[in-house]
Amino acid sequence: MRSGSVLKFKREEIPHSRPTLGQEEIQAVADVIASGQVAGGDEVARFENAMAQNCGLAGGVATSSGTAALHLSLAAFGIGPKDEVIIPSFVCTAVLNAVLLVRAKPVLADIILETGNIDPDDVKQKLTKNTRAIIAPHLFGLPADIDNLVSLGIPVIEDCAQAIGAHVGARPVGGMGVTSVFSFYATKMMCTGEGGMVLSDSRKFLEKVRDLHEYDNKEVFKLRYNYKMTDMAGALGLAQLKKLDTFIAKRRAIASRFDEAFKDLCKLPTPADGHVYYRYVIRVKDPARIIRRLREKMVFCARPVYNPLHCYLKQNGYAKTKRLWLEALSIPIYPSLTPEEINKIIDSVRAELSKGPRP
Ligand SMILES: *Cc1c(COP(=O)(O)O)cnc(C)c1O
């Protein structure tokens, strides 16, 4: 049995991601099942309140995924056809899907090479009279420059799917834009299997989101969704939230071991006090080669973004996105890594990096 985890895995394999689940989570879900109340109820309400409190916000609406949380946020703003939403090119397709789900036009922006986050200067170039929102992910757990985006005068949706617990100075991410979204997918900072949340300080906005996320018992019909969270997921989320500070401390401790071990061999992640290291992403010359070689040693690294969005949309430009995609290598980092696994990662990554030239 692994420390802090009751899950069993093939012993010698170190996957790229792994949830950190223990007896507390098993008990929490078992209690919900025993109660017979499995649809969204008290557990979900408690989870929403606990998350809002964690970010110092008025409230939250739990959803079935991060994608659903993004979709509902855009819908609650009334965004639709002919409206434009600015998103970075360097992010997973969930963000693009959310924009397309409300039939708005996605407008891509380039990133800042050093952080991987959306570049406010490029966003400024992309503004038109139809721009209705900016979605700003805090990529890999490193806070994006929300203040400069907010100063552009367009509503900013903070995408905290990779960054719950991160902060800028004393301010936690999630409270800097107009609204924020979270994901509790199995391998995110905290997990409920699948799940997500919208947080906001505006009760009026939250009421719109809540209205749209369930369809039953309404006086007036309009297009609504079934994006609710179950009480099993809510209970799981509450158990995970109690461990969040420990999770973050462990991630930071592993990141500083990696920094020390890799500093002479590659470009390290940009340090920041509020970084929660959802991903530990270094920049190297040929990530594909390293991924292949490390897989043979059963250490599973990955490209942190599978393909930039501008490639899917067959657009040119986005020089920094392209450069980072070509160089980025994500190394396994999660709270359930054992000391032996951390040593094995360090030794095998160092051995591979020593063979290649620096970018
Ligand atoms: C995971 C993720 C999402 C989507 O969340 P799901 O729960 O998988 O739908 C959105 N944005 C970012 C930045 C993510 O990392």
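Right above here is the structure, for reference.
Structure report, in brief. The shown structure was predicted, so the numbers you read here are calculated from the model rather than taken from an experiment.

## Details of the overall build of the protein chain
Alright, step 1. Check the secondary structure of the protein chain and you find 13 helices and 11 strands.
Alright, step 2. Taking 359 residues into account, the globule formula puts the C-alpha radius of gyration at 21 Å, and the protein chain, at 20 Å, falls close to it.
Alright, step 3. Reported as C-alpha extents along the three principal axes, the dimensions of the protein chain are approximately 65 × 55 × 35 Å.
Alright, step 4. Counting only residues that meet the buried cut, the protein chain has 55% of its 359 residues in that class.
Alright, step 5. For the protein chain, contacts bridging at least 24 residues in sequence account for 66% of all contacts bridging at least 6.
Alright, step 6. Per element, the accessible surface of the protein chain, about 16,000 Å² overall, is 53% carbon and sulfur.
Alright, step 7. On the protein chain, the mean spot of the 48 positive side-chain charges and the mean spot of the 39 negative ones are 6 Å from each other.

## Observations concerning a nonpolar patch on the surface
Alright, step 1. A grouping of Tyr306, Tyr312 and Leu313 is seen on the molecular surface, where their side chains present a nonpolar patch of about 340 Å² in accessible area.
Alright, step 2. The topology assignment puts Tyr312 in helix 11 (residues 309-312).

## Some remarks on helix 3 (residues 66-76)
Alright, step 1. Counting buried positions along helix 3 yields nine of 11 residues, so the element is predominantly enclosed.
Alright, step 2. Of the residues making up helix 3, those classed as buried are Gly66, Ala68, Ala69, Leu70, His71, Leu72, Ser73, Leu74 and Ala76.
Alright, step 3. Where helix 3 begins, one side-chain oxygen reaches toward the backbone nitrogen of Thr67, 3.3 Å away; that side chain belongs to Ser65.
Alright, step 4. Phi for Gly78, located one or two positions after helix 3, is positive at around 75°.

## Quick look at the site of the ligand
Alright, step 1. Close to the ligand lie Ser65, Gly66, Thr67, Cys92, Ala94, Val95, Asp159, Ala161, Gln162, Ser183, Lys188 and Gly195, which account for all nearby residues.
Alright, step 2. Note that an oxygen atom of the ligand is positioned 2.8 Å from one of the backbone N or O atoms of Gly66.
Alright, step 3. Within the side chain of Asp159, an N or O atom sits 2.7 Å from a nitrogen atom of the ligand.
Alright, step 4. Taking 380 Å² as the accessible area of the ligand by itself, protein coverage stands at 89%.
Alright, step 5. Breaking the shell around the ligand down by element, the ones donating at least two residues are helix 3 and helix 4 (93-101).
Alright, step 6. Grouping the constituent residues of the shell around the ligand by class yields four nonpolar, six polar and two charged.

## Here we look at the pairing of strand 3 (residues 105-109)
Alright, step 1. Within strand 3, four of the five residues are buried, which leaves it mostly tucked inside the rest of the structure.
Alright, step 2. Bridge count between strand 2 (residues 84-88) and strand 3: five bridges; the pairing is parallel. Within strand 3, the position partnered with Glu84 by the bridge is Lys105.
Alright, step 3. Read as a crossover between parallel neighbours, the route from strand 2 over helix 4 to strand 3 is right-handed.

## Re the packing of helix 10 (residues 287-296) against helix 13 (residues 339-355)
Alright, step 1. Closest axis-to-axis distance for the helix 10/helix 13 pair is 10 Å, and the angle between their directions is 140°. Relative to helix 13, the element helix 10 lies oblique. Helix 10 and helix 13 meet at a crossing whose hand is right-handed. Between helix 10 and helix 13, the contacting residues are Arg289, Ile290, Arg293 and Leu294 on the first element and Ser348, Val349, Glu352, Leu353 and Lys355 on the second.
Alright, step 2. Broken down by class, the residue content of the contact of helix 10 with helix 13 amounts to four nonpolar, one polar and four charged.

## Side note on the environment of Leu353
Alright, step 1. Position of Leu353 among the secondary structure elements: in helix 13.
Alright, step 2. Put simply, Leu353 and Leu113 are 240 residues apart on the chain and 21 Å apart in space, counted from C-alpha to C-alpha.
Alright, step 3. In this structure, Leu353 is in contact with Phe262, Leu265, Cys266, Ile282, Val284 and Ile290, ignoring residues within four places of it in sequence.

## Comments concerning the side chain of Arg18
Alright, step 1. Residue placement: Arg18 occurs in the segment before helix 1 (23-35).
Alright, step 2. Side-chain polar atoms of Arg18 contact the backbone oxygen of Ser336, separated by 3.0 Å.
Alright, step 3. There is a polar contact of 2.9 Å between the side chain of Arg18 and the side chain of Glu341.

Calculation notes
- For every chain, the first residue of the written sequence is number 1, and numbering continues from 1 along that sequence.
- Reporting of local features is limited, given that this is a predicted model, to residues whose pLDDT is at least 70; pairs of side-chain atoms are given and counted only at 80 or more, and all residues count toward the totals for whole chains, interfaces and linings.
- To get the side-chain values, take all heavy atoms of the structure and skip hydrogens and water.
- A run of H or I in DSSP counts as a helix once it spans at least four residues, and a run of E counts as a strand once it spans at least two, with each numbered from the N terminus.
- As defined in this context, the radius of gyration uses C-alpha atoms, and a globule is described by 2.2 Å times the residue total to the power 0.38.
- In this scheme, a residue with accessible area under 20% of its type's maximum is buried, one over 50% is exposed, and one in between is partly exposed, where area comes from a 1.4 Å probe on protein chains only.
- In what follows, a contact means two residues having at least one pair of non-hydrogen atoms within 4.5 Å.
- Reported accessibility uses the Shrake-Rupley method at a 1.4 Å probe radius. Residues are deemed covered only where the shown protein chains occlude them.
- None of His or the chain ends enter the tally, which takes Lys and Arg as positive and Asp and Glu as negative.
- Taken as the charge location is NZ of Lys, CZ of Arg, CG of Asp or CD of Glu.
- Patches here are clusters of residues that have more than 30% relative accessible area and form no salt bridge, with a 9 Å joining cutoff for like charges and a 5 Å cutoff for nonpolar side chains (Val, Leu, Ile, Met, Phe, Trp, Tyr).
- In the sections that follow, a salt bridge refers to a side-chain nitrogen of Lys or Arg positioned within 4 Å of a carboxyl oxygen of Asp or Glu.
- Identification of polar contacts relies on pairs of N or O atoms within 3.5 Å, with a donor-acceptor requirement for protein atoms, meaning one able to donate a hydrogen and the other able to accept it, and with residues adjacent in sequence counted only if both atoms are side-chain atoms.
- For each residue, the test is whether any non-hydrogen atom lies within 4 Å of the molecule or strand; if one does, the residue is near.
- Amino acids outside the nonpolar list (Ala, Val, Leu, Ile, Met, Phe, Trp, Tyr, Cys, Pro) and the charged list (Asp, Glu, Lys, Arg) are all regarded as polar, and Gly is one of them.
- A pair of strands counts as paired when DSSP detects no fewer than two bridges linking them.
- Throughout, right-handed denotes a crossover for which the path from the first strand over the helix to the second runs clockwise when the strands point away from the viewer.
- Interaxial angle, 0 to 180 degrees, is taken between N-to-C directions of lines fitted to C-alpha atoms, where a helix line uses only the stretch in contact.
- Note on angle classes: values under 35 degrees are labelled roughly parallel, values over 145 roughly antiparallel, values of 65 to 115 roughly perpendicular, and the remainder oblique.
- Here a crossing is called left-handed whenever its near helix is offset anticlockwise from the far helix by less than a right angle, and right-handed whenever the offset is clockwise.

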